Amino acid sequence: MSNFFAMVNRMKLIDRWALMRNTSKENIAEHSHNVAVIAHALCTIGNKKFSKSYDAERCAVLALYHDLTEVITGDMPTPVKYYNSEIQGVYKDIEKAAGERLLAMLPDEFKEDYQPFFIHKKEDKELWKIVKAADKIDALIKCIEECRMGNKEFETAREKQIKIVDEIDMDEVRYFTKEFLPAYSLTLDEHTK
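The notes below deal with the structure included here.

Rules and cut-offs
Residues numbered from 1 in each chain as written. Predicted model: local features only at pLDDT ≥ 70, side-chain atom pairs only at ≥ 80, totals over all residues. Heavy atoms only, no water. Helix = DSSP H or I, 4+ residues; strand = E, 2+ residues; numbered from the N terminus. Rg over C-alpha atoms; globule rule 2.2 N^0.38 Å. Buried < 20%, exposed > 50% of the residue type's maximum accessible area, 1.4 Å probe, protein only. Contact = heavy atoms within 4.5 Å. Areas by Shrake-Rupley, 256 points an atom, 1.4 Å probe, with all protein chains shown as cover. Lys, Arg positive; Asp, Glu negative; His and termini not counted. Charge placed at Lys NZ, Arg CZ, Asp CG, Glu CD. Axes fitted to C-alpha atoms, helices over the stretch in contact; angles between N-to-C directions. Parallel < 35°, antiparallel > 145°, perpendicular 65-115°, else oblique. Left-handed = near helix turned anticlockwise from the far one by under 90°. Nonpolar A, V, L, I, M, F, W, Y, C, P; charged D, E, K, R; others polar. Patch = residues over 30% accessible without salt bridge, like charges linked within 9 Å, V, L, I, M, F, W, Y side chains within 5 Å. Salt bridge = Lys/Arg side-chain N within 4 Å of Asp/Glu carboxyl O.

**Examining the overall build of the protein**
For the protein, the count of helices and strands is 11 helices and 0 strands. Listed N to C, the secondary structure of the protein is α-α-α-α-α-α-α-α-α-α-α in terms of helices and strands. Relative to a compact globule of 193 residues, whose C-alpha radius of gyration would be 16 Å, the protein shows 17 Å and is just as compact. Seen through its principal axes, the protein has C-alpha atoms that stretch 50 × 40 × 35 Å. Going through the 193 residues of the protein one by one, you find that 40% of them count as buried. Counting only contacts in the protein whose residues sit at least 6 apart along the sequence, the fraction spanning at least 24 positions is 69%. Here the protein displays about 11800 Å² of accessible surface, and carbon together with sulfur accounts for 52% of that area. Across the protein, the centroid of the 29 positively charged side chains sits 2 Å from that of the 34 negatively charged ones.

**Description of the packing of helix 2 (residues 28-49) against helix 3 (residues 56-65)**
Between helix 2 and helix 3, whose axes approach to 8 Å, the crossing angle comes to 155°. Classified by the angle between their axes, helix 2 and helix 3 sit roughly antiparallel to one another. Note on packing geometry: the crossing formed by helix 2 with helix 3 is right-handed. Judged by residue contacts, Ser 32, His 33, Val 35, Ala 36, Ala 39, His 40, Cys 43 and Thr 44 of helix 2 engage Ala 56, Glu 57, Cys 59, Ala 60, Ala 63 and Leu 64 from helix 3. Residue composition of the contact of helix 2 with helix 3, by class: 9 nonpolar, 4 polar and 1 charged.

**Structural notes on a nonpolar patch on the surface**
Side chains of Leu 19, Val 80, Tyr 83 and Ile 87 sit close together on the surface and give an oily, nonpolar patch of about 410 Å² of accessible area. Mapped onto the elements of the fold, Leu 19 is located in the loop between helix 1 (4-9) and helix 2. Residue Leu 19 is classed as exposed on the basis of its relative accessible area of 58%.

**Here we look at the pattern of salt bridges**
Oppositely charged side chains can form a pair if their charged atoms are brought close together. Overall, the coordinates contain 12 salt bridges when judged by the stated rule. Arg 174 is paired through a salt bridge with Asp 169; the nearest N and O atoms lie 3.1 Å apart. The partly exposed category is assigned to Arg 174, whose relative accessible area is 39%. Given a relative accessible area of 68%, Asp 169 falls into the exposed group. For Arg 174, the salt bridge identified is with Asp 171, shortest N-O distance 2.7 Å. Here the residue Arg 174 and the residue Asp 171 both occupy positions in helix 10 (residues 171-179), the gap between them amounting to 3 residues, near one helical turn. Among the ionic contacts, a cluster of salt bridges with common partners joins Asp 169, Asp 171 and Arg 174.

Worth remembering: the numbers are spatial, not functional.
The structure is reproduced here in structure tokens:
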């Protein structure tokens, strides 16, 4: 009996943004879905607009699993996770151990297929950059949505996330933020005009 996919299913139980008052709760399953959609879009933009040759589908799958270790570790709030290099190093070790534990839940014949979600392969380096960028964009979108709902708790986080996304030196990200990001500030009526 393998527990792996039952653990994947538990992603819906791990809430994000735990230190902040939220108007709308978000769990890591929802977040991973959003990151996968954005990562796929970034790859498609790169391929269509900037002559890249990204494997958009593989990138989307990497994104779906990018926070899976949090079913064991929980979602460590960013201010804690990045407080200093010592904490950051210890947390990376904890994530690695969680990944190994999850991988061990799979039958041996499937481990090689799922290993890239926990142990990054050299050939996926560019795709992981896309996933990381998509992760930052999704955090910005969450901040935009919370601020739209009048939640002042997210104002500072929104400004920080804008700066983080603006500093990502990728054509795909610049295109996405110019072409698609403004729509996240619109109401449903404005979307359907």
